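Structural characterization, general
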Amino acid sequence: MLIKIAFSLIFEEQVADNFSSPESVNGWRNKSVVTEFILLGLSSSQDIQLFLFFIFSVLYGAAVLGNILIILTVIIDSRLHSPVYLLLSNLSFIDVCQATFATPKMIADFLNERKTITFQGCMSQIFFLHVFGGSEMVLLVAMAYDRYIAICKPLYYMTIMSQRMCTVLVGVSWTIGTLHSASHLAFIVNLPFCGPNKVDNFFCDLPLVIRLACLDTYVLEILVLTNSGLLSLICFLLLLISYIIILAIVHHQASGGMSKALATLSAHVTVVVLFFGPLIFIYIWPFESFPIDKFVSLFFTVFTPVLNPMIYTLRNKDVKEAMKKLRNRHVGSKQVF
């Protein structure tokens, strides 16, 4: 809230400066208003774009089908109606959403010479990116809490991790993600865009769009960085602390328990590293442009939704058996008809 108030005061002050500037009689009113943005995409070569069209079509299909298969498996198989799989199915749902908010347009743009997006479409991409990203960060913390209870307090696991608690954790993750994204949107939706409209990415990335505004955005960039950085830092520290506590408790309880705990946590730690690793790069050089920035964007929107199902669930014996059972049931029903 304080960040939003600070932004409002700064924005009003800059608006006043621009309207009182001797270089312009009517301030921004005499300047053209941007109604669309041009996305420069991943490559300008037609041959490369055709190749990327097939590659990312396959990856997008794998991400969506893989995560939907996990969701259906958890819903249909009663043996998977437990807290850990409820949280995993919600992670899969977020991954489907995260893969869908920008990737289909990117794939379609590979076949278009002119890659444009409306102002409203650009704001929507920014909003959904931070909703899904913020929700996933908080959900990863919830999953770490679930593992903490399962490993450190197994006798109280079903009592603490009740269906109501799981619903609350999922609801909190979506609420925080939505509020986090809404605060970002409040920063940018009323900015004046009056000239440059080229975004050097395949979707509307918040820092890149902010730089196109017709005012000095240095302070605004710091506020946006602080807003995202605080949520990321808090979630990362909670994850780090929870995993350290789990390993410390297991180490003191039994010498042979360490390998079992590491095996249980390996999937979670892998996803956390894959998710927060690129964030570290972003926050070290938050508003500098590098060629690797597009790869980081691809990692969040395409590769993470593809990898998460394999890391979290396809290596899980219970899930694989449930999928085989679901497949055999489907094949059996076909043979009957």
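Since the structure is predicted, the reported quantities are computational estimates derived from the model, not experimental observations.

1. Regarding the sheet that holds strand S2 (residues 116–118)
Spatially, S2-S1-S3 is the arrangement adopted by the 3 strands of the open sheet, whose pairing is mixed. Both outer strands of the open sheet, S2 and strand S3 (198–199), are each paired with one neighbouring strand and no more. With respect to the sheet, helix H5 (residues 119–152) is in contact with strand S1 (36–39) and S2, its orientation differing from that of S2 by roughly 85°.

2. Quick notes on a nonpolar patch on the surface
On the surface, Leu 233, Leu 237, Leu 240, Ile 241, Ile 244 and Ile 245 cluster together to form a nonpolar patch covering roughly 530 Å² of accessible area. Considering the arrangement of structural elements, one finds Leu 233 in helix H9 (residues 218–253). You can call Leu 233 partly exposed: its relative accessible area is 48%.

3. Some thoughts on the pattern of salt bridges
For side chains of opposite charge, pairing can occur when their charged atoms come near one another. Applying the stated criterion to the full structure yields 5 salt bridges. With a closest N to O distance of 3.0 Å, Glu 36 and Arg 114 form a salt bridge. Here Glu 36 is found in strand S1, whereas its partner Arg 114 is found in the loop between helix H4 (103–109) and S2, with 78 residues between them in sequence. A relative accessible area of 27% places Glu 36 in the partly exposed class. Where Arg 79 meets Asp 77, a salt bridge forms, and the shortest distance between an N and an O atom there is 3.1 Å. Asp 77 gets classed as buried once you look at its relative accessible area, which sits at 6%.

4. So, the UniProt feature "transmembrane region" (unreviewed entry) in the protein
Under the UniProt annotation, the feature "transmembrane region" (unreviewed entry) is placed at residues 50–72, 123–145, 166–189, 230–250, 262–284 and 296–314. Overall, residues 123–145 shows 100% helix and 0% strand. The separation of its end C-alpha atoms is 33 Å. Helix makes up 100% of residues 230–250 and strand 0%. Its end C-alpha atoms lie 30 Å apart.

How each quantity is defined
Residues numbered from 1 in each chain as written. Predicted model: local features only at pLDDT ≥ 70, side-chain atom pairs only at ≥ 80, totals over all residues. Heavy atoms only, no water. Pairing = 2+ DSSP bridges. Helix = DSSP H or I, 4+ residues; strand = E, 2+ residues; numbered from the N terminus. Contact = heavy atoms within 4.5 Å. Axes fitted to C-alpha atoms, helices over the stretch in contact; angles between N-to-C directions. Patch = residues over 30% accessible without salt bridge, like charges linked within 9 Å, V, L, I, M, F, W, Y side chains within 5 Å. Areas by Shrake-Rupley, 256 points an atom, 1.4 Å probe, with all protein chains shown as cover. Salt bridge = Lys/Arg side-chain N within 4 Å of Asp/Glu carboxyl O. Buried < 20%, exposed > 50% of the residue type's maximum accessible area, 1.4 Å probe, protein only. UniProt positions renumbered as here; feature names shortened; annotations may be inferred.

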